[in-house]
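# Observations on chain architecture
Spelled out, the chains give:
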Amino acid sequence: MEEKRLGARGLLLVGLTLFSLFFGAGNLIFPSGIGAMAGVHTWPAVAGLAVSAVGLPVLGVVAVSRAGGMDALAGRVHPVFARAFTVAVYLAIGPCLAIPRTATTSFEMAVPPFVGEGAPVALLRLIYSLVFFAAALALALRPEKLTDRLGKILCPVLVGLIVVTFAASLLNPLEGYGPAGGEYLTHPAVRGFLEGYQTMDTLAALAFGIVIAVNLRARGVEKPGAVVRSTAWAGVIAGVLLLAVYCMLAHVGALSGGAMPNPADGAEALTNAAGLLFGTGGRVLLAAIFLIACFNVCVGLISSCGTYFHGICPRLGYRTWAVLFAVVSMVISNAGLAQILAVSAPVLGALYPVAIVLIALSFFQRWLAGRRWVYPVAVLFTGVFSVLFALRDAGLPLGFLDGLPLAGVGLGWVLPALAGTVLGLLCSGRRR
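Keep in mind that what you see is a predicted model, and the values were worked out from it rather than measured. (Residues numbered from 1 in each chain as written. Predicted model: local features only at pLDDT ≥ 70, side-chain atom pairs only at ≥ 80, totals over all residues. Heavy atoms only, no water.)

Moving on, we come to helix α14 (residues 281-312). Taking 1.5 Å of rise per residue, 32 residues should cover 46 Å, and α14 covers 47 Å from first to last C-alpha, within 8% of that figure. With respect to burial, α14 is a largely interior element, 23 of its 32 residues being buried. (Helix = DSSP H or I, 4+ residues; strand = E, 2+ residues; numbered from the N terminus. Expected span 1.5 Å × (residues − 1). Buried < 20%, exposed > 50% of the residue type's maximum accessible area, 1.4 Å probe, protein only.)

Moving on to unusual backbone geometry. Keep in mind that most residues, glycine aside, have a negative phi and that most peptide bonds are trans. If you check the backbone angles, Met200 has positive phi at about 65° while not being a glycine. With respect to the secondary-structure elements, Met200 resides in the loop between α10 (188-195) and α11 (201-218). Phi at Leu406 is positive, roughly 70°, even though this residue is not glycine. Summarising the element assignment, Leu406 is placed in the loop between α18 (374-393) and α19 (414-428).

Considering the arrangement of structural elements, one finds Thr186 in the loop between α9 (146-171) and α10. Here the alpha-carbon distance between Thr186 and His41, two residues 145 residues apart in the chain, equals 9.4 Å. There is a polar contact of 3.1 Å between the side chain of Thr186 and the side chain of His187. (Polar contact = N/O pair within 3.5 Å; in protein donor to acceptor, adjacent residues only side chain to side chain.)

With that settled, the discussion passes to the packing of helix α6 (residues 98-110) against helix α15 (residues 318-333). As a packed pair, α6 and α15 sit with axes 8 Å apart at the nearest point and diverge in direction by 55°. Between α6 and α15, the crossing angle belongs to the class labelled oblique. Remark: the crossing between α6 and α15 carries right-handed chirality. For the pair formed by α6 and α15, the contact residues are Ile99, Pro100, Ala103 and Thr104 on the first element and Ser329, Ile332 and Ser333 on the second. For the contact of α6 with α15, a count of residues per class yields 4 nonpolar, 3 polar and no charged. (Axes fitted to C-alpha atoms, helices over the stretch in contact; angles between N-to-C directions. Parallel < 35°, antiparallel > 145°, perpendicular 65-115°, else oblique. Left-handed = near helix turned anticlockwise from the far one by under 90°. Contact = heavy atoms within 4.5 Å. Nonpolar A, V, L, I, M, F, W, Y, C, P; charged D, E, K, R; others polar.)

This paragraph deals with helix α1 (residues 8-22). In this model α1 runs 21 Å from its N-terminal to its C-terminal C-alpha over 15 residues, within 8% of the 21 Å that 1.5 Å per residue would give. With 12 of its 15 residues buried, α1 lies for the most part within the structure. Restricting attention to buried positions, one finds in α1 the residues Gly10, Leu11, Leu13, Val14, Gly15, Leu16, Thr17, Leu18, Phe19, Ser20, Leu21 and Phe22.

Further remarks concern the packing of aromatic side chains. Scanning all chains against the criterion turns up 16 aromatic pairs. With a centroid separation of 5.9 Å and 90° between ring planes, the pair formed by Phe132 and Phe295 is classed as edge-to-face. Remark: Phe295 occurs in helix α14 and Phe132 occurs in helix α8 (residues 121-140); sequence separation between them is 163 residues. Here Phe132 and Phe295 have matching classes, each one buried. An angle of 85° between the planes, with centres 5.3 Å apart, marks the rings of Tyr308 and Phe309 as edge-to-face. Comparing Tyr308 with Phe309, the two get one shared label, buried. Ring pairing ties together the aromatic residues Tyr90, Tyr308, Phe309, Trp321 and Phe325, which thus form one cluster. (Phe/Tyr/Trp six-rings, centres within 6.5 Å; stacked < 30°, edge-to-face > 60°.)

Here is the structure:
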């Protein structure tokens, strides 16, 4: 039987679907916030963001496709680690952090600006979350249809609205870029790289391979090699779109920061820019952008998490898992955005370095095959220090970590990761 391949149009649709799954609340907030805070140093900061929020996610999609899934990739360390790490990633990008954030962030942009002071915000948030998750669940229950529903419809609308905002900023550049502030004054690229953690896209890339594979098979691509190639091309398409949109949002944020300095975050920077560029209509435009972006990601995450947990616990059907995650996420989303973001920073600080090391090592698998200690030792060293740094950032007195190279710029785990890799090579001896 002849192997079916997707044409250019089919690959584009799958790439748009993957972009839709990636592009949510954090992808709107953090590039804009980087521009507002980095000012004249916006583009070095965007270069750092591009590595952690574009390059690594694309490489993650490819790595998982080549390995045969996140379980297989993490299984190169140890089967127990594979299960624990994969579950932790799915819970982080799923019901514990990322899914609730989609509802909370879109609510903050779509409801409070239009109801005025004194409105029962808690009640409105509850009602909004009920409607939001019911609609997202309805789409997530048919994961094989996501390319038709997200790739063909919602993604083009979202990109179009962002392009409109960017075009307006070109026609009206306000007062130009403002001065750089904070760490963007001295280490803009490193700060941009670390901000990319908050998009969660590198972790999501390890999970979205399941959904993309389902959509490819629904379009007739069955053979493993063809699925890997098509997934890789979809990742490249999604990465190009992500980079283009990040550049647009960073530019708008930098102009916003120049006109109205020191916004609290990227959401406020975008709100300020929309008001300056479009007047009262800017709020409606911005609300639509946030709502579509967050809704797309919510659908994809419910689908990914439901598929994975049904695979490891098939006694509960996919639909049951999807409903469970939607309900749990709805409850957590009502805690509010500030609480969710406060928890997400240390969790992502612990998980991200391990994910980066797994992805990096996977591209050297041809030379590492047979050297059984490289993955375990490299991940052990990385994991221990990333957790310690996360605990320090959460407030524990672990000042001894400050003496490590790169600790001052938030990359203190890098040297332990390299040391673990070298030690793993030495322990493995010659390749078997």
